[in-house]
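Take a look at the letters that make up each chain.
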Amino acid sequence: MGSMGRALPATVDEIRRAQRADGPATVLGIGTANPPTCMAQDDYPDYYFRVTNSEHLTDLKAKLTRICNNKKSGIRQRYLHLDEELLAANPDFIDRTRSSLDARVEMASAAVPELAAAAAAKAIAEWGRPATDITHLLAKELAENNRGARVLVACSEITLIAFYGPEGGCVDNIIGQTLFGDGAGAVIVGADPVAPVERPLFEMAFASQTTIPETEDAISMQISKCGMEYHLSSQVPRLLGCNVERCLVDAFRTLGISAAWNDLFWAIHPGGRAILDNIDEVLGLEDGKLAASRRVLSEFGNMSGTTVIFVLDELRRRRAAAAKQGGETPEWGVMMAFGPGITIETMVLHAPSNLNLEGN
Ligand SMILES: CC(C)(COP(=O)(O)OP(=O)(O)OC[C@H]1O[C@@H](n2cnc3c(N)ncnc32)[C@H](O)[C@@H]1OP(=O)(O)O)[C@@H](O)C(=O)NCCC(=O)NCCSC(=O)/C=C/c1ccc(O)cc1
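Residues numbered from 1 in each chain as written. Predicted model: local features only at pLDDT ≥ 70, side-chain atom pairs only at ≥ 80, totals over all residues. Heavy atoms only, no water.

As annotated in an unreviewed UniProt entry, the protein carries the name Chalcone synthase and comes from Miscanthus lutarioriparius. Database annotation for the protein, UniProt heading Sequence similarities (unreviewed entry): "Belongs to the thiolase-like superfamily. Chalcone/stilbene synthases family." (UniProt positions renumbered as here; feature names shortened; annotations may be inferred.)

Below, the discussion takes up the overall build of the protein. Counting its regular elements, the protein contains twelve helices and eleven strands. Relative to its length of 360 residues, the protein is compact, with a C-alpha radius of gyration of 22 Å against a globular reference of 21 Å. Here the protein holds 360 residues, and the buried ones make up 49% of them. If you sum the accessible surface of the protein, you get close to 17300 Å²; carbon and sulfur atoms cover 53% of it. The averaged location of the 46 negative side-chain charges in the protein is 2 Å from the averaged location of its 34 positive side-chain charges. (Helix = DSSP H or I, 4+ residues; strand = E, 2+ residues; numbered from the N terminus. Rg over C-alpha atoms; globule rule 2.2 N^0.38 Å. Buried < 20%, exposed > 50% of the residue type's maximum accessible area, 1.4 Å probe, protein only. Areas by Shrake-Rupley, 256 points an atom, 1.4 Å probe, with all protein chains shown as cover. Lys, Arg positive; Asp, Glu negative; His and termini not counted. Charge placed at Lys NZ, Arg CZ, Asp CG, Glu CD.)

Let us now look at the side chain of Gln77. Residue position: Gln77 is located in strand β3 (residues 77–79). Assessed through its relative accessible area of 13%, Gln77 is described here as buried. Setting aside chain neighbours within four positions, we find Gln77 in contact with Cys38, Met39, Ala40, Gln41, Leu297, Ser298, Glu299, Phe300 and Gly301. (Contact = heavy atoms within 4.5 Å.)

Right, let's get into the domain arrangement of the protein. With domains assigned, the protein is organised as domain 1 (19–191) and domain 2 (202–350). Distance from the C-alpha centre of domain 1 to the C-alpha centre of domain 2: 18 Å. Opposite the 49 residues of domain 1 that make contact, domain 2 presents 35 residues. Summed over both sides, the interface of domain 1 with domain 2 buries roughly 3500 Å², with 58% coming from carbon and sulfur. When the area that domain 1 buries against domain 2 is broken down by residue, the three leading residues are Ile30, Lys140 and Phe180, summing to 17%. At the junction of domain 1 with domain 2, the criterion picks out three salt bridges. We note a salt bridge from Glu299 to Arg76, for which the minimum N-O separation is 2.6 Å. Linking domain 1 with domain 2 are 26 residue pairs in polar contact (both at pLDDT 80 or more), by the criterion used here. Elements with a contribution of two residues or more to the side of domain 1 that touches domain 2: β1 (26–33), α4 (70–73), β3, α6 (101–127), α7 (140–145), β4 (150–157), α8 (171–179) and β5 (183–190). Across the side of domain 1 that touches domain 2, the residue classes tally to 19 nonpolar, 17 polar and 13 charged. (Domains from an automatic or database assignment. Buried area = accessible area lost by both parts, 1.4 Å probe. Salt bridge = Lys/Arg side-chain N within 4 Å of Asp/Glu carboxyl O. Polar contact = N/O pair within 3.5 Å; in protein donor to acceptor, adjacent residues only side chain to side chain. Nonpolar A, V, L, I, M, F, W, Y, C, P; charged D, E, K, R; others polar.)

Once that is clear, we can look at the pairing of strand β10 (residues 332–339). Most of β10 sits inside the fold, with six of its eight residues counted as buried. One ladder, built from four bridges, connects strand β9 (residues 265–268) with β10; its direction is parallel. Note on β10: the bridge partner recorded for Phe265 is Gly333. Taking the residues that link successive antiparallel strands as the turn, the β10-strand β11 (residues 343–350) hairpin has three residues, and the phi of Gly341 there is positive, at about 150°. (Pairing = 2+ DSSP bridges.)

A full pass over the atoms with the stated rule returns ten aromatic pairs. For the pair Trp261 and Trp266, a centre-to-centre distance of 6.4 Å together with 80° between the ring planes defines the contact as edge-to-face. Grouped by ring-pair contacts, the aromatic residues Tyr44, Tyr47, Tyr48, Phe49 and Phe163 constitute a single cluster. Taking NZ or CZ as reference, Arg104 lies 4.5 Å from the ring centre of Phe93, over its face. The ring of Tyr164 has Arg104 lying over it, and the distance from NZ or CZ to the ring centre is 4.7 Å. (Phe/Tyr/Trp six-rings, centres within 6.5 Å; stacked < 30°, edge-to-face > 60°. Lys NZ or Arg CZ within 6 Å of the ring centre and 35° of its normal.)

A few words now on the site of the ligand. As a matter of local geometry, the ligand sits amid 28 residues, with Lys63, Leu232, His269, Arg273 and Asn302 nearest to it. Ser234 places a polar main-chain atom, nitrogen or oxygen, 3.3 Å from a nitrogen atom of the ligand. For the ligand, an oxygen atom lies 2.7 Å from a polar atom in the side chain of Asn302. Within the complex, 72% of the 1100 Å² of free accessible area of the ligand lies under protein. (Near = heavy atom within 4 Å.)

Take the nonpolar core next. In terms of nonpolar packing, the biggest core is built from 38 residues, with Leu240, Trp261, Trp266, Ile268, Met336, Phe338 and Ile342 touching the most fellow members. At the level of elements, β8 (227–232), α9 (236–255), β9, α10 (273–283), β10 and β11 are the ones that each hand at least two residues to this core. It is α9 that provides the largest number of residues to this core, a total of eight residues. Split by domain, the residues of this core number at least three in each of domain 1 (19–191) and domain 2 (202–350). With sequence-adjacent residues up to four places away left out, Leu240 is seen in contact with Ile212, Ile275, Phe338, Ile342 and Ile344. Counting 32 residues, the second largest nonpolar core, distinct from the first, contains Ala33, Leu82, Phe93 and Ile174. (Core = buried A, V, L, I, M, F, W, Y, C linked by side-chain atoms within 4.5 Å.)

Here we come to the environment of Asn243. When you line up the elements, Asn243 lands in helix α9. Taking relative accessible area as the criterion, Asn243 reaches 12% and is therefore assigned buried. Put simply, Asn243 and Thr210 are 33 residues apart on the chain and 10.0 Å apart in space, counted from C-alpha to C-alpha. In contact with Asn243, not counting residues within four places along its chain, are Ile212 and Ile344.

Here we come to helix α2 (residues 44–51). Spacing of three or four residues puts side chains on the same side of an α-helix, whose turn is 3.6 residues. Across the eight residues of α2, six count as buried, placing the element largely inside the fold. For α2, the complete set of buried residues consists of Tyr44, Pro45, Tyr47, Tyr48, Phe49 and Val51. Buried positions along α2 lie against β2 (38–40), α3 (58–68), β3, α5 (84–89) and α8.

Laid out in structure tokens, this is it:
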């Protein structure tokens, strides 16, 4: 075998070091977007029963009116792509026995990427580099294991696939109509930020995912020719309340950090007011620790997987405002998201500097 004409690169270890990033995956930009139609929660029961021709279901309407009450639901307003005009053009969406999946998918296939692109454009603008510098679309492992990687993560949720009138539905599905809203969120993630263009917002120190045993049916979604029906067990707030602390203890033990929960900043997925109340209680959190989550729930509702990006955006704005006023802002924090499974995702975050948190 002949010579290759130059010295072989040192060792495999050195090659691997050169391929990988030095620092942790870091959030370098955040962007969010919503469709234009905004629905006040107090107006929703009247709207919902009117557009679905269900005014005769007076008991159910009374129950939903109680649940939608702004203070009880913790939701003031939500954004919805499916407005009255679109519903009038697609009356089959109201009836859970009519075949409407194709029409829903067609509408969503245009609307979901469009909303994701709007959020991504804002995240890219904050990041400060051209969109063509994005190297991957999914994020922590990619950013840390590929030196120079810049990952665009975009989540977009539009509820039109699961909108139904109340007739013939289960109560939990009808309650779901009052919880979920539409929105998109995007973050740019990369390691070893290049100053001064790139500014680290949150470093990701640790990420884990776990499911709560025997809760497969607690949050479920069923696709049929009529659309998608989700089911929410009334036990969800309790199940999460019983399990979040174990995830947090595991995360901080792995990192070797001992943390008092009240010394951290918090970005929790606001799945519903009762979920936040339960978590507040089990962790013994001081008033205001979940303020970013409660604010996002109030102004946007539950936007499924997207919501936590809105919470992160809200949190960094609050931290910047507090820092400007000379207030103390915790250096370490936690982001937690929940979904079908029941899945609990836990991420320990480190905020390198308060100066970077203001956003566009
Ligand atoms: C705001 C709620 C809905 C209502 O609170 P409340 O007004 O204080 O009142 P109650 O809790 O007493 O409930 C009022 C009524 O509704 C009933 N109810 C109350 N939840 C129920 C119920 N799930 N069933 C069936 N009856 C019920 C409850 O029994 C009661 O009935 P009634 O006594 O006849 O008036 C509250 O219960 C709450 O926050 N629940 C949690 C909602 C929940 O499960 N959220 C998680 C959704 S899943 C998620 O966030 C993530 C999704 C995701 C998806 C995809 C991804 O990729 C990623 C993520």
